[in-house]
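Chain by chain, the residues:
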Amino acid sequence: MTELNSKIPKGQLAEKWTNYKAHTNLVNPANKRRLDVIVVGTGLAGASAAASLAELGFKVKNFCYQDSPRRAHSIAAQGGINAAKNYQNDGDSVYRLFYDTIKGGDYRAREANVYRLAEVSNAIIDQCVAQGVPFAREYGGLLDNRSFGGAQVSRTFYARGQTGQQLLLGAYSALSRQVKKGNVELYTRHEMLDVVLVEGRARGIIVRDMVTGAIERYAAHAVVLATGGYGNVFFLSTNAMGSNATAIWKAFKRGAFFGNPSFTQIHPTCIPVHGDFQSKLTLMSESLRNDGRIWVPKNKEDAEKIRQGKLQPTQIKEEDRDYYLERRYPAFGNLVPRDVASRAAKERCDAGYGVGDTGLAVYLDFSDAINRLGKNVIEARYGNLFQMYEKIVDENPYETPMMIYPAVHYTMGGLWVDYELMTTIPGLYAIGEANFSDHGANRLGASALMQGLADGYFVLPYTIQNYLSDQIRVPKFSTDLPEFKQTEEEAADRLRKLMEVKGKQTVDSFHKRLGHIMWEYVGMGRNEAGLKKAIVEIAKLREEFWKDVKITGGMNEINPELEKAGRVADFLELGELMARDALIRNESCGGHFREEYQTPEGEALRDDQNLMYVAAWEFTGDNTEPRLNKEALDYEFVEVKQRNYK
Amino acid sequence: MDLTLKIWRQKNATSKGKFVTYKVNGISPNSSFLEMMDILNESLVVKGEDPVAFDHDCREGICGACSMYINGRPHGPDKAITTCQLHMRRFKDGDTIVIEPWRARPFPVLKDLIVDRTAFDKIIQAGGYISVNTGGIPDANAIPIPRANAELSMDAAACIGCGACVAACKNASAMLFVSAKVSQFALLPQGKPEAAERVQAMVAEMDRLGFGNCTNTGACEAECPKEISISNIARMNREFLSAKIGSQIPKEQAGGGA
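Residues numbered from 1 in each chain as written. Chains lettered and ligands numbered in written order. Predicted model: local features only at pLDDT ≥ 70, side-chain atom pairs only at ≥ 80, totals over all residues.

**With respect to the overall build of chain B**
Moving on, step 1. Counting its secondary structure elements, chain B contains eight helices and seven strands.
Moving on, step 2. Burial analysis of chain B (258 residues in total) assigns 50% to the buried set. (Helix = DSSP H or I, 4+ residues; strand = E, 2+ residues; numbered from the N terminus. Buried ≥ 20, exposed ≤ 12 C-beta atoms within 10 Å, placed from the backbone.)

**Details of the overall build of chain A**
Moving on, step 1. Tallying secondary structure elements over chain A gives 18 helices and 21 strands in all.
Moving on, step 2. Taking 2.2 N^0.38 as the reference for a compact globule, 646 residues should give roughly 26 Å; the C-alpha atoms of chain A span a radius of gyration of 24 Å, in line with that estimate.
Moving on, step 3. Across its three principal axes, chain A shows a C-alpha extent of roughly 75 × 60 × 50 Å.
Moving on, step 4. Buried residues in chain A amount to 60% of all 646 residues. (Rg over C-alpha atoms; globule rule 2.2 N^0.38 Å.)

**Things to note about the domain arrangement of chain B**
Moving on, step 1. With domains assigned, chain B is organised as domain 1 (3-111) and domain 2 (118-132 + 144-246).
Moving on, step 2. Centre-to-centre separation of domain 1 of chain B and domain 2 of chain B, based on C-alpha positions: 28 Å. (Domains from an automatic or database assignment.)

**Details of the interface of chain A and chain B**
Moving on, step 1. Counting residues at the interface gives 63 residues for chain A and 67 residues for chain B.
Moving on, step 2. The set of elements that each furnish at least two residues to the side of chain A that touches chain B consists of α3 (44-56), α5 (111-130), α6 (163-180), α12 (375-393), α13 (448-468) and α17 (560-584) of chain A.
Moving on, step 3. Of the residues forming the side of chain A that touches chain B, the biggest block, nine residues, is contributed by α6(A).
Moving on, step 4. Each residue belonging to the side of chain A that touches chain B can be placed in one class, and the counts come to 23 nonpolar, 23 polar and 17 charged. (Contact = placed C-beta atoms within 7 Å. Nonpolar A, V, L, I, M, F, W, Y, C, P; charged D, E, K, R; others polar.)

**A look at the sheet that holds strand β1 (residues 36-40) of chain A**
Residue and element names in this part refer to chain A.
Moving on, step 1. Taken in spatial order, the five strands line up as β5-β2-β1-β9-β17 in an open sheet, and their pairing is parallel. For this open sheet the edge positions go to β5 (184-187) and β17 (428-430), each flanked by a neighbour on one side alone. Going across the sheet, the axis of each strand differs from the next one's by a mean of 20 degrees, ignoring polarity.
Moving on, step 2. Where β1 meets strand β2 (residues 59-63), five bridges bridge the pair, whose relative direction is parallel. If you follow V40 over to β2, its bridge partner there is F63. (Pairing = 2+ DSSP bridges. Axes fitted to C-alpha atoms, helices over the stretch in contact; angles between N-to-C directions.)

**Concerning the sheet that holds strand β11 (residues 264-270) of chain A**
Residues and elements named next belong to chain A.
Moving on, step 1. The strand order across the open sheet formed by five strands is β11-β15-β14-β12-β13, and the pairing between neighbours is antiparallel. Two strands close off the open sheet at either side, each with one partner strand: β11 and β13 (321-322).
Moving on, step 2. Taken together, the two bridges between strand β12 (residues 293-297) and β13 define a ladder with antiparallel strand orientation. Looking across to β13, one finds that P297 is bridged to R321.

**Remarks on the packing of helix α6 (residues 195-208) of chain B against helix α8 (residues 231-246) of chain B**
Residues and elements named next belong to chain B.
Moving on, step 1. One can describe the packing of α6 onto α8 by two numbers: an axis separation of 9 Å at closest approach and a directional angle of 110 degrees. Classed by the angle they form, the pair α6 and α8 counts as roughly perpendicular. Seen along the crossing, α6 lies across α8 with a hand that is left-handed. Residue-level inspection shows A195, A196, V199, Q200 and V203 of α6 in contact with α8, the latter providing M236, E239, F240, A243 and G246.
Moving on, step 2. Class assignment for the residues of the contact of α6 with α8 results in seven nonpolar, two polar and one charged. (Parallel < 35°, antiparallel > 145°, perpendicular 65-115°, else oblique. Left-handed = near helix turned anticlockwise from the far one by under 90°.)

**What about the pairing of strand β7 (residues 201-209) of chain A?**
Looking along a regular strand, one sees the side chains alternate between the two faces of the sheet.
Residues and elements named next belong to chain A.
Moving on, step 1. For β7, a buried count of seven out of nine residues is recorded, marking the element as mostly surrounded by other parts of the structure.
Moving on, step 2. Two elements, β7 and strand β8 (residues 215-219), share five bridges in a ladder whose sense is antiparallel. Bridge pairing links I205 to Y218 in β8.
Moving on, step 3. Hairpin connection between β7 and β8: a loop of five residues separates the two successive antiparallel strands, and G213 in this loop has a positive phi of roughly 85 degrees.

**Quick look at helix α10 (residues 338-350) of chain A**
Residue and element names in this part refer to chain A.
Moving on, step 1. With 13 residues, α10 should cover 18 Å at 1.5 Å per step; its first-to-last C-alpha distance of 18 Å lies within 8% of that length.
Moving on, step 2. When you tally the buried positions in α10, you get eleven out of 13 residues, the bulk of the element.
Moving on, step 3. If you check which residues of α10 are buried, you get R338, D339, V340, A341, S342, R343, A344, A345, K346, R348 and C349.
Moving on, step 4. Just past α10, the residue G352 takes up positive phi, approximately 100 degrees. (Expected span 1.5 Å × (residues − 1).)

**Structural notes on α5(A)**
All names here are of chain A.
Moving on, step 1. With 20 residues, α5 extends 30 Å between its outermost C-alpha atoms, agreeing within 8% with the 28 Å of an ideal straight helix rising 1.5 Å per residue.
Moving on, step 2. A bend of about 35 degrees at S121 is the largest found in α5.
Moving on, step 3. In terms of burial, α5 is a largely internal element, 18 of the 20 residues being buried.
Moving on, step 4. Following α5 by one or two positions, G132 has its phi on the positive side, about 95 degrees. (Bend = angle between axes of the 7 residues up to and from the residue.)

**Some points on the environment of Q505(A)**
All names here are of chain A.
Moving on, step 1. Relative to the assigned elements, Q505 resides in strand β18 (residues 505-506).
Moving on, step 2. Q505 sits in the partly exposed class, given 17 other C-beta atoms within 10 Å.
Moving on, step 3. Sequence separation between Q505 and Y521 is 16 residues; the distance between their C-alpha atoms is 23 Å.

**Overview of the environment of N239(A)**
Residue and element names in this part refer to chain A.
Moving on, step 1. Secondary-structure assignment places N239 in the loop between β9 (222-225) and α7 (246-253).
Moving on, step 2. Each C-alpha atom of the pair N239 and K564 lies 14 Å from the other, and the pair is 325 residues apart in sequence.
Moving on, step 3. Look past the residues within four positions of N239 in its chain and what remains in contact with it is H73, G229, G231 and N232.

**A look at the confidence of the model for chain B**
Moving on, step 1. Summary statistics for chain B give a mean pLDDT of 95 and a share of 95% for residues scoring 70 or more.
Moving on, step 2. Model confidence for the complex is summarised by a pTM of 0.97, with the ipTM given as 0.96. (pLDDT = per-residue confidence, 0-100.)

**Focus on the domain arrangement of chain A**
Residues and elements named next belong to chain A.
Moving on, step 1. Split into domains, chain A comes out as domain 1 (13-266 + 411-468), domain 2 (271-409) and domain 3 (482-607).
Moving on, step 2. Placing the centre of domain 2 and that of domain 3 at their C-alpha centroids yields a distance of 31 Å.
Moving on, step 3. Contact with domain 2, which involves six residues of that partner, is made by six residues of domain 3.
Moving on, step 4. Here the side of domain 2 that touches domain 3 takes five residues from α10, the largest share from any one element.
Moving on, step 5. Here the residues of the side of domain 2 that touches domain 3 sort into one nonpolar, one polar and four charged.

**A look at the environment of N31(A)**
Moving on, step 1. With respect to the helices and strands, N31(A) occurs in helix α2 (residues 29-32).
Moving on, step 2. Sequence-wise, N31(A) and R473(A) are 442 residues apart; in three dimensions their C-alpha atoms are separated by 9.1 Å.

**Brief notes about the packing of helix α4 (residues 94-104) of chain A against α5(A)**
Residues and elements named next belong to chain A.
Moving on, step 1. Put simply, α4 and α5 touch, their axes get as near as 8 Å, and they point 135 degrees apart. The orientation of α4 relative to α5 falls into the category oblique. α4 and α5 meet at a crossing whose hand is right-handed. Counting all contacts with α4, which are made through V94, L97, F98, T101 and I102, the residues of α5 involved are E111, V114, Y115, L117, A118, E119 and S121.

**Quick word on unusual backbone geometry**
Moving on, step 1. Positioned with a positive phi, N89(A) is a non-glycine residue whose angle comes to about 55 degrees.
Moving on, step 2. Counting through the fold element by element, N89(A) comes out in the loop between β3 (81-82) and α4.
Moving on, step 3. Take N89(A): there are 8 C-beta atoms within 10 Å of it, and that puts it in the exposed class.
Moving on, step 4. A positive phi angle, near 55 degrees, is found at R59(B), a position not held by glycine.
Moving on, step 5. For R59(B), the position within the fold is in the loop between α1 (33-46) and β3 (69-70).

Right, here's the structure in full:
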């Protein structure tokens with residue numbers, strides 16, 4: 001087993017980051033412009049990192065598969081961003097945000113990382129306001145906050161239901177400013193195919209120009225992956241259609257360890273699945289749970305009549321409704337963390353109380369809030385979400401309760417990184433959702449935006465200098481090195497191989513089948529037999545894919561089928577690793593629920609004695625099993641408890 | 001539902017395009033427009049034909065990637081939505097639907113329904129930002145902002161950069177897009193210091209890229225999926241005029257120090 005060095009600075013929790021910054025090596029301005037950094041991805045993490053590094057004077061190359069950096073999927077985040085400002089005077093603090101995040105993550109995250117995240121959270125809000133992000137404000141002109149799933153304080157800043165959009169456009173504007181200044185070279189419609197290692201260090205990437213099909217090489221002194229999460233391994237998720245794992249998966253196969261791959265967040269408030277042709281799931285912001293009450297019928301017969309369309313939800317009397325979250329968790333009620341809310345919905349539906357055509361839906365009801373606050377208040381708070389719901393479902397949520405069901409939304413797992421956000425490959429960094437670091441086994445609402453921007457604006461620009469300060473004597477790399485040539489050939493060969501299969505089944509049909517296996521056996525509820533089955537089934541499907549996939553068009557043109565095929569080929573490998581990871585984690589924690597390990601009340605049962613570690617998987621070859629490395633989690637400052645939201 | 005689709009097919013930026021007719025059958029009224037396109041493409045792939053290329057990503061109306069000109073209207077017949085939010089229940093069984101890419105000189109067609117909208121990025125790069133570096137920023141509540149201004153700023157900031165305004169305009173004008181960004185910043189105290197330079201730089205870049213002028217037909221506002229108001233154009237014109245009259249742009253000063 002490899003010794004994993006997480007490089008956590010010594011000292012008291014609250015002093016670690018300050019001490020680190022005080023003692024880390026920096027690069028002087030004259031040397032910065034001689035150092036190249038590649039950033040892959042232009043979401044919150046990627047755009048903020050690229051802009052901040054360029055402002056410091058580094059020469060940055062920034063890549064994205066979309067036609068513009070502004071379209072990265074961070075744009076779709078709705079609810080908000082957390083920060084420990086305590087503007088509401090309700091008892092918030094850096095420590096409390098840290099503590100809530102550690103607890104919400106079910107004690108499977110690193111204390112030092114999470115504390116740093118809480119510590120820099122305030123500077124993010126300052127930064128965004130200075131960039132012109134139009135956050136919601138009170139009548140006095142100061143910033144407004146709301147409380148968000150799982151939090152007892154109001155620490156969430158928001159811009160209507162479009163917070164991700166506004167934060168991303170802020171980072172995009174900072175990036176655009178650096179593009180104009182010539183400090184960032186932007187490569188849109190370019191997809192990363194592989195990372196290039198020279199003498200064991202990350203020195204560049206291979207990309208495909210998605211318009212011409214040309215395979216190109218780019219060199220740099222360091223490579224930063226900010227390519228987001230891998231929820232699309234489930235086919236149906238709230239991720240964008242193009243969101244993929246290729247960059248981090250290729251890094252894994254080149255030697256970067258993969259941390260906690262099975263930790264997936266299933267978001268409780270999504271619009272239920274309605275048909276086989278469905279291409280993606282739509283999230284309804286969790287902020288809806290602040291005013292909506294979740295229920296199913298108390299009687300199975302009522303639920304059945306509703307499913308058959310013989311009864312309307314508004315006809316069910318108050319006493320015949322089961323507000324199951326309020327019943328089970330009186331202290332937090334409808335605001336329990338996402339994993340708890342999702343599992344509770346699944347439990348009710350599995351028990352036969354689900355509603356909608358499929359029985360896989362529960363109600364989110366605003367009638368109480370409308371009676372209490374008035375329709376106009378609810379409209380001001382959630383108008384755009386209600387409109388979105390009505391467009392999709394064709395029902396008016398002001399008049400009849402919304403239907404919701406959990407869907408795959410976020411992956412806490414990702415490339416293993418140390419305190420400096422560097423992977424196990426020297427010079428290769430992973431930031432934002434692409435790394436595993438801060439959310440443990442479950443992420444709190446409004447914390448993804450916080451982490452993406454913390455990594456990009458305030459953490460990486462410091463930590464990467466500790467590495468680059470050592471690289472100032474290394475001249476600019478030539479892409480003529482044999483390592484570049486070889487990696488490029490391997491990437492091109494793989495695409496050629498895909499094209500040459502010339503089978504009968506479409507890429508999407510394979511993706512759907514993989515998604516079905518993942519949802520069934522590696523989804524919300526997992527067990528040993530199911531996971532073992534998934535490993536076998538995925539391997540079989542992968543074999544079939546490489547024998548029978550059908551891709552039309554050519555390599556040297558815009559070819560969405562080829563793009564999808566490359567991504568699905570990687571998902572077919574990653575899915576298996578997720579199942580393996582879930583299988584060795586003989587406990588339930590956060591979003592990872594193993595049916596064998598639960599309390600008599602059906603709550604997650606952790607095994608802190610044996611499993612309080614980060615599972616960091618190491619690639620050993622295409623035909624050998626990956627090796628498990630463990631980074632023990634040391635809780636020095638927080639007392640580890642069973643999560644309790646009752 | 002059974003439908004006839006007339007779709008613009010064009011192999012690449014240099015080749016000539018043409019309409020090709022397809023039939024799709026058994027489409028559920030609950031499927032989205034893009035899901036209907038997925039079904040068509042799936043059937044084309046099975047037949048070994050090249051599927052129709054189109055831009056799309058988030059499929060929830062916020063990324064701004066999707067860009068179809070449906071029956072003569074950007075994003076189709078409904079108000080205030082993107083193509084990905086359009087549902088088939090909006091059409092009738094037996095309908096013929098004509099699908100084209102955005103048509104505007106600054107947005108050249110790359111393939112089928114995909115156009116190149118890099119011009120929008122270039123306009124933002126010309127000045128669509130507030131010049132602050134990361135870090136060293138005063139507290140977020142140091143400057144109160146009247147709520148009404150923050151809300152108006154947000155209305156403008158809601159733009160998703162899809163380009164429907166340009167596609168809808170007979171002059172291929174980008175005034176709504178540019179004015180939305182100019183307004184977002186002009187309404188905030190943080191945006192004031194550079195307001196004059198910003199509006200001039202962005203307008204100059206817009207002209208340079210070949211977007212046309214505004215002749216107040218209002219098509220942009222009517223077709224905008226985010227209902228960005230045409231009053232932003234009036235605000236931009238005011239900003240532009242006062243910038244022209246009032247301001248002198250200083251040259252960058254050399255740094256001091258001993």
